[in-house]
Amino acid sequence: MNLLVLGGAGYIGSHFVKLALSLGHKVIIVDNLLTGHVESIPKSAAFYEGDIRNRDFLRNVFEENTIDGCIHFAASSLVGESMKNPIKYFDNNIYGTIVLLELMAEYDVKQLIFSSSAATYGEHDKMPITEEYETKPTNPYGESKLIMEKMIKWAD
């Protein structure tokens with residue numbers, strides 16, 4: 001498969017990229033390198049440096065590559081920072097996902113794996129938290145991830 005990995009130069013994304021390549025997939029990485037590292041990008045993967053909120057940039061990636069599925073790791077993810085600058089988190093995480101979903105629809109890409117967060121569940125007395133728990137984020141980061149989950153569900 002030809003996999004577009006958004007946030008593929010970050011910690012989790014870069015490990016996924018290595019696994020996907022080892023399984024024989026072609027990997028196209030998109031990362032703005034704000035928290036990702038160019039050193040973690042394998043030479044065998046195609047790499048585009050840019051922001052997924054930039055529709056023209058992301059459209060170019062879709063135009064230049066046949067994409068069978070997207071793996072979405074791209075997000076601002078610092079809880080403390082999200083409390084100080086919530087609009088940054090809603091803009092980057094939610095708007096970036098909107099642009100991605102619109103382009104996936106435009107290019108008829110129907111496969112998406114989304115990396116969410118336990119922060120969507122907030123604080124609970126019992127551990128471990130399971131998917132049956134009520135979602136009640138306690139910070140803008142968790143709220144943005146929950147909104148992203150809901151958008152993906154409704155866009156399906």
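Computed from a predicted structure; not experimentally measured.

1. Description of the packing of helix α4 (residues 86-106) against helix α5 (residues 140-155)
Here comes step 1: Between α4 and α5, whose axes approach to 9 Å, the crossing angle comes to 15°. By the angle class used here, α4 and α5 are roughly parallel. At the point where α4 passes α5, the crossing takes the right-handed sense. Listed contacts from α5 to Pro86, Tyr89, Phe90, Asn93, Ile94, Thr97, Ile98 and Leu101 of α4 are Pro140, Tyr141, Glu143, Ser144, Ile147, Met148, Met151, Ile152 and Ala155.
Here comes step 2: Here the residues of the contact of α4 with α5 sort into 13 nonpolar, three polar and one charged.

2. Observations regarding the nonpolar core
Soluble, globular proteins show a tendency: their nonpolar side chains are buried together.
Here comes step 1: Core analysis: the biggest nonpolar cluster contains 24 residues, and Leu4, Leu6, Val30, Leu58, Val61, Phe62 and Cys70 have the highest contact counts within it.
Here comes step 2: Of all the secondary-structure elements, those providing two or more residues to this core are β1 (2-6), β2 (26-31), α2 (55-64), α4 and α5.
Here comes step 3: Top contributing element to this core by residue count: α4, with six residues.
Here comes step 4: Membership of the second largest hydrophobic core comes to 11 residues, among which are Leu3, Val17, Val27 and Ile71.

3. Notes on the environment of Thr138
Here comes step 1: For Thr138, the position within the fold is in the loop between β5 (111-114) and α5.
Here comes step 2: Taking the relative accessible area as the measure of exposure, Thr138 reaches 45% and is therefore partly exposed.
Here comes step 3: Residues Thr138 and Gly122 lie 16 residues apart in sequence; the distance between their C-alpha atoms is 5.2 Å.
Here comes step 4: With sequence-adjacent residues up to four places away left out, Thr138 is seen in contact with Met83, Gly122 and Glu123.

4. Observations concerning the packing of aromatic side chains
Here comes step 1: Taken as a whole and assessed by the stated rule, the structure comprises two aromatic pairs.
Here comes step 2: Residues Phe16 and Phe73 carry aromatic rings whose centres are separated by 5.8 Å and whose planes lie at 55° to one another, so their mutual orientation is tilted. Residue Phe16 is located in helix α1 (residues 11-22), and its partner Phe73 is located in the loop between β4 (69-72) and α3 (79-84); the two are separated by 57 residues in the primary sequence.
Here comes step 3: Of the residues examined, Phe16 reaches a relative accessible area of 21% and is grouped as partly exposed.

5. Overview of the pairing of β2
Here comes step 1: Counting buried positions along β2 yields five of six residues, so the element is predominantly enclosed.
Here comes step 2: A crossover connection joins β1 to the parallel β2 through α1; in handedness this β-α-β unit is right-handed.
Here comes step 3: One ladder, built from four bridges, connects β2 with strand β3 (residues 46-49); its direction is parallel. Pairing of Val30 across the sheet is with Tyr48, part of β3.

6. Some remarks on the sheet that holds β1
Here comes step 1: Taking strand neighbours across the sheet as the criterion, the five strands line up as β3-β2-β1-β4-β5 in an open arrangement whose pairing is parallel. A single partner strand is all that each edge strand has here, and the edge strands are β3 and β5. Each neighbouring strand pair of the sheet contributes to a mean axis angle of 15°, computed without reference to strand direction.
Here comes step 2: Pairing of β4 with β5 involves four bridges; the strand directions are parallel.

7. Remarks on the packing of α2 against α4
Here comes step 1: The interhelical angle for the contact between α2 and α4, taken along N-to-C directions, is 40°, at an axis separation of 10 Å. Both α2 and α4 take part in a crossing whose hand is right-handed. Across the interface between the two elements, Arg55, Leu58, Arg59 and Phe62 from α2 touch Tyr95, Val99, Leu100, Glu102, Leu103, Met104 and Glu106 from α4.
Here comes step 2: Of the residues in the contact of α2 with α4, the class split is seven nonpolar, no polar and four charged.

Cut-offs applied
Residues numbered from 1 in each chain as written. Predicted model: local features only at pLDDT ≥ 70, side-chain atom pairs only at ≥ 80, totals over all residues. Heavy atoms only, no water. Axes fitted to C-alpha atoms, helices over the stretch in contact; angles between N-to-C directions. Helix = DSSP H or I, 4+ residues; strand = E, 2+ residues; numbered from the N terminus. Parallel < 35°, antiparallel > 145°, perpendicular 65-115°, else oblique. Left-handed = near helix turned anticlockwise from the far one by under 90°. Contact = heavy atoms within 4.5 Å. Nonpolar A, V, L, I, M, F, W, Y, C, P; charged D, E, K, R; others polar. Core = buried A, V, L, I, M, F, W, Y, C linked by side-chain atoms within 4.5 Å. Buried < 20%, exposed > 50% of the residue type's maximum accessible area, 1.4 Å probe, protein only. Phe/Tyr/Trp six-rings, centres within 6.5 Å; stacked < 30°, edge-to-face > 60°. Right-handed = clockwise from strand over helix to strand, strands pointing away. Pairing = 2+ DSSP bridges.

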